[in-house]
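Descriptive structure summary
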Amino acid sequence: MRIIIVLILTFSIGLLGFMAYLDLNEDKITHESPLTAFPSNPLFLLEINEATSSWNHFTETNMIWSEFVSNKDNLKQYGEVAKINQFLNNELVEPLINDGKVYVGGYHFNGELELLLIQNIYAHIKEDKLFAITDSTLRSALPSTNWGAKYSTPFIVLSSSKELLNKSIENISNKQPLNKETKHEKTKKLISQSSSFSCFVDVNQLKDLLSDFDSKAITYLEQEKGINNWFQFDFNYTPNAINIIGVSDCINKNLQTTPQYINNSSLVPDDVDVLLKKRIKYSFDTTFSKNILDDNTINELEFLKIQLTNQFTKTKEEIFLIERPRDLNHDSYLVNKILLDSVYPQTFLNKEVRLINEAFLNKLYPNNYTIEQMCYLDNQYYVISTFQGLKEWEYQLKQKKKIAFDEAIFADRSSSYLDQAFSQVNYWSGQELKGITPNKVENNILNEIRGVSWATSFLNEGYLHHAINIQKGLHEKEDQKILWTASVSSILNGPFIMKNHKTGTKDIFIQDTTHSVCLFSASGNLKWKFSLDQPIISSVTQIDIYSNNKWQMVFNTKDKLYVVDINGNNVDGFPVRFNYLATNGVGIIDYDFNEDYRFLVAGNDNKIHNYNIYGKKVKGWNSPKTNSIVSCPVEHFSIAGKDYVFVKENNGTIQFLNRRGEKRHESIENVFIKPNSNGVIQKSYCIDSSSLVYVDSANQLKKTMFYGEVSSVDFDLDSNSIYVPFIYESTASNLINYGFISEENLMIYGPEKQIYLDKESRYNLKNNLAINIDNNYLILFNDKIDEIELIDNRFQEIPTFFRGTKKCTIGDLNNDGVDELITIVNESTLLCYQIAISN
């Protein structure tokens, strides 16, 4: 009996042991790594957790991908994408590869990229004992007839290459042990467990693949990013971004610099094309032996390269910023080395601009300068560029709206991906990528990318940490439709729009700082140019001196009065040479509207001089005396059939003269109009009940009756705000309008003080806002960012803001019913915009 019991116990224990062995063996098989089945040396090895779910989530939630595949009609690869979707969501394949981790290897065979997918499905087979996997059922679900499939416990193996398929099955049969020395296994510990996608890339093979595709990419990987042998990364995504976080080996000693937090995003405009931030090494010695990397005198400086597109010339501008050493001796040393003694004949940001020593700068940072560079000293940086580049950089910084350029790479304290500062950052806009990527890269996906940043840090273990951020284009800037640009010498006067009776269009008249006057066609072509001895005073006006519907231009300098025809020729009798110096721009009067013009000029002899259309002094004119200099053009109005020649003197006196220059009405005193501002005459049934409304030199709205009474023009405004008033007469209604600007609001009132417009202010009151009335537009100049805003005669805002200056004018150049804005930028560029019609 005892023997039977012992036998039973022995059998039971043996059975339990055998069952435990089977369970342990099954557990071992269930967790057997597919990596043992892969042939050696894959180009890349991709690990995907829950492949179908991860793929579907990415394609349905990531907007970059969604917009990419929405262009399927123009996308050559869309057929392959559709096959992948069909395969991953196949009712047979989906439950197999969506449970656990799938590994996908890529191999470069005979110029083609072949794929190998391996998944351990033993756990799934064990749970569903009725489920039978055969090679034929697998092949029926494959995306292409060229693909092969096999099931070899515990793995399913799918491949686009028969050779890869057979080799992997051979490895499974031979029970190849996992090689712990493979590059992938060395870096596997660096894979994030939270990522659904992780990948290992053999960079040596990638460079072989790229050698026929893009040699510049190889140079970039090695020299700029220090990647030589391998790159291990995780792939994450949000609705509007794709993030690649990884590590690589490091062969570039220049990248082995001390990581620095990036806190200079205020220097970077919102819309840069290229950005490079890095640390550069220099040695403080007389020979500047910066390449002696083991020298303990080596120091590091931050280097920032910004490339942006000039918004009106569309040329590329580059700005370089090199950190100034904190040590004053080092700073003085580098200032003397970088800057030449000569001073550039312009200033920038009220600072002296000096030429640079390009030979020395090429040692500090090789760039092969081809255009004359200059530099000014910021408190923290040496700022280097061409003068046009500096101006464009300054302008775009004024337009900056974001707090930070990119939170992923420009955080105040650390990277949002890793609590680690970056040693190097590169950024390319989507438009820039379209210009530098090979033609084989589809533009469809680049159209949806706003920009790509690649940040790199050196880790103590000898690795480089990488953070690549791809962002979707969240918005597009409103188009400022530039019709043309024209380069001239620095512009002194203008632009002025002139009618052209020959073409039925309009021309643009300007004077440059050499005193030459130029006429440009409606398309921006220079028609003629000739020199004057002096600057033009005030503006340029057109008349029809011969009453034949042909137009001439009238203007004056200090010593001459000109009447010039549309071909640039002087009209007979002109120019008139003065025997005095003119103090104002010529006033043109046509008393009876019969084109018998009079030209009135004030002189430094305190007289008002009068000329006719033949360039002769007007007979019967008494050349009235003034008590002070006259700077404003002489005007004319009529009331009750009587003419009044209206003379505003600088001492605040206003004279009213008749056609002979005699006193027609008693003068009024103490009318001090704000400089660069005009009053508006409000005519009534007689002269005494008429008045002048103006802004005085104390920025107060005043009304002076022509019989002498002065009063304030009051509005019920917020007493807690400081308002700057302005007035203008609407060319559409001939009624006076009142405007007020504070730091908070811009308001416009009508003649009966009814409110027409109340909007947020964008203007700097400290620098005297320029306000012009031109062709039924109110032109507002924002000197914070050198930008022009337009309000039409219905008090509606034009939707586009224009880059420009106070030197601007508006007209329908081509007579096509659409107005153009002509302005001056960068002092020497004439720029023509088309104005969008307001809603």
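Calculation notes
- Residues numbered from 1 in each chain as written.
- Predicted model: local features only at pLDDT ≥ 70, side-chain atom pairs only at ≥ 80, totals over all residues.
- Heavy atoms only, no water.
- Helix = DSSP H or I, 4+ residues; strand = E, 2+ residues; numbered from the N terminus.
- Pairing = 2+ DSSP bridges.
- Axes fitted to C-alpha atoms, helices over the stretch in contact; angles between N-to-C directions.
- Buried < 20%, exposed > 50% of the residue type's maximum accessible area, 1.4 Å probe, protein only.
- Polar contact = N/O pair within 3.5 Å; in protein donor to acceptor, adjacent residues only side chain to side chain.
- Contact = heavy atoms within 4.5 Å.
- pLDDT = per-residue confidence, 0-100.
- Salt bridge = Lys/Arg side-chain N within 4 Å of Asp/Glu carboxyl O.
- Phe/Tyr/Trp six-rings, centres within 6.5 Å; stacked < 30°, edge-to-face > 60°.

When you line up the elements, Lys-83 lands in helix α4 (residues 78-88). For the pair Lys-83 and Leu-142, spaced 59 residues apart in the sequence, the C-alpha separation amounts to 8.6 Å.

The next thing to look at is the sheet that holds strand β39 (residues 724-729). The sheet built from 4 strands is open, its strands ordered β39-β40-β41-β42 with antiparallel pairing. Of all strands in the sheet, those with a lone pairing partner are β39 and β42 (755-760), marking the two edges. Each strand axis lies, on average, 15° off the axis of its neighbour in the sheet, ignoring direction. Here β39 runs beside strand β40 (residues 736-741); their pairing, made up of 6 bridges, is antiparallel. Counted as the bridge partner of Tyr-728 is Asn-737 from β40.

Further remarks concern helix α10 (residues 203-210). Each full turn of the α-helix corresponds to 3.6 residues, which orients residues three or four apart in the same direction. Along α10, the residues that are buried comprise Val-203, Gln-205, Lys-207 and Leu-210. Where α10 begins, the side chain of Asp-202 points an oxygen toward the backbone nitrogen of Asn-204, at a separation of 3.1 Å.

Below, the discussion takes up the side chain of Asn-584. Assignment of secondary structure puts Asn-584 in the loop between β27 (576-577) and β28 (587-589). Among the polar contacts listed, one links the side chain of Asn-584 to the backbone nitrogen of Ala-602, at a separation of 2.9 Å.

This paragraph deals with the sheet that holds strand β26 (residues 560-565). One open sheet accounts for 4 strands, arranged β24-β25-β26-β27; its pairing is antiparallel. The open sheet has two edge strands with one neighbour each: β24 (541-543) and β27. With 2 bridges connecting them, β26 and β27 associate as antiparallel partners. Each bridged residue has a counterpart across the sheet, and for Leu-561 the counterpart in β27 is Val-576.

Within the secondary structure layout, Asp-234 lies in strand β7 (residues 230-238). By relative accessible area, which is 5% here, Asp-234 ends up buried. Here Ser-198 takes part through its side chain, which lies 2.7 Å from a polar atom of the side chain of Asp-234.

Time to look at the environment of Leu-701. Its place among the elements puts Leu-701 in strand β37 (residues 701-705). Judged by relative accessible area, which is 6%, Leu-701 ranks as buried. Between the C-alpha atoms of Leu-701 and Pro-725, which are 24 residues apart in sequence, the distance is 6.8 Å. Dropping the residues within four chain positions of it, Leu-701 is found in contact with Tyr-694, Val-695, Ser-711, Ser-712, Val-713, Phe-715, Pro-725, Ile-727, Tyr-738 and Phe-740.

Our focus in this paragraph is the confidence of the model for the chain. Low pLDDT means the predicted atomic positions in that stretch should not be read closely. For the chain, per-residue confidence averages 78 on the pLDDT scale, and residues scoring 70 or more make up 78% of the total. Predicted confidence is poor over residues 20-25, with pLDDT under 50, and the contacts of this stretch with residues over four places away or in other chains come to 0 contacts. Note that residues 286-296 has pLDDT below 50 and, in this model, 22 contacts with residues that lie over four places away or in other chains.

Right, let's talk about the pattern of salt bridges for a bit. Applying the stated criterion across every chain yields a total of 18 salt bridges. Where Arg-598 meets Asp-596, a salt bridge forms, and the shortest distance between an N and an O atom there is 3.1 Å. Bridged by salt links that share partners, the residues Asp-273, Lys-316 and Glu-432 form one connected network.

Let's shift gears to unusual backbone geometry. Glycine aside, negative phi is the norm for most residues, and most peptide bonds take the trans geometry. Along the chain, Thr-153 connects to Pro-154 via a cis peptide bond; the corresponding omega equals 5°. For His-515, which is not a glycine, the phi torsion comes out positive at approximately 80°. On the secondary structure map, His-515 appears in the loop between β21 (506-512) and β22 (516-520). Not every positive phi belongs to a glycine, and Lys-753 is a case in point at roughly 65°. Within the element layout of this structure, Lys-753 appears in the loop between β41 (745-749) and β42. Residue Lys-753 is classed as partly exposed on the basis of its relative accessible area of 41%.

What follows deals with the pairing of strand β1 (residues 44-49). Bridge count between β1 and strand β6 (residues 197-202): 5 bridges; the pairing is antiparallel. Bridge assignment links Phe-44 to a residue of β6, and that residue is Val-201.

Note that Cys-375 resides in strand β14 (residues 374-377). Given the relative accessible area of 0%, Cys-375 is considered buried. Along the chain, Cys-375 and Leu-355 lie 20 residues apart, while their C-alpha atoms are 6.1 Å from each other. Here Cys-375 is in contact with Leu-339, Glu-352, Val-353, Arg-354, Ile-356, Tyr-382, Val-383 and Ile-384, once residues within four sequence places are set aside.

Scanning all chains against the criterion turns up 26 aromatic pairs. Aromatic pair Phe-637 and Phe-646: ring centres 5.9 Å apart, planes at 65°, arrangement edge-to-face. Owing to a relative accessible area of 6%, Phe-637 belongs among the buried residues under this scheme. Residue classification places Phe-646 among the buried residues on the basis of a relative accessible area of 1%. Ring centres 6.2 Å apart and planes at 15° place the aromatic pair Phe-726 and Tyr-728 in the stacked group. Side by side, Phe-726 and Tyr-728 carry an identical accessibility label, which is buried. Each residue in the set Phe-637, Tyr-644, Phe-646, Phe-656 and Phe-706 is aromatic and connected to the rest through ring pairs, giving one cluster.

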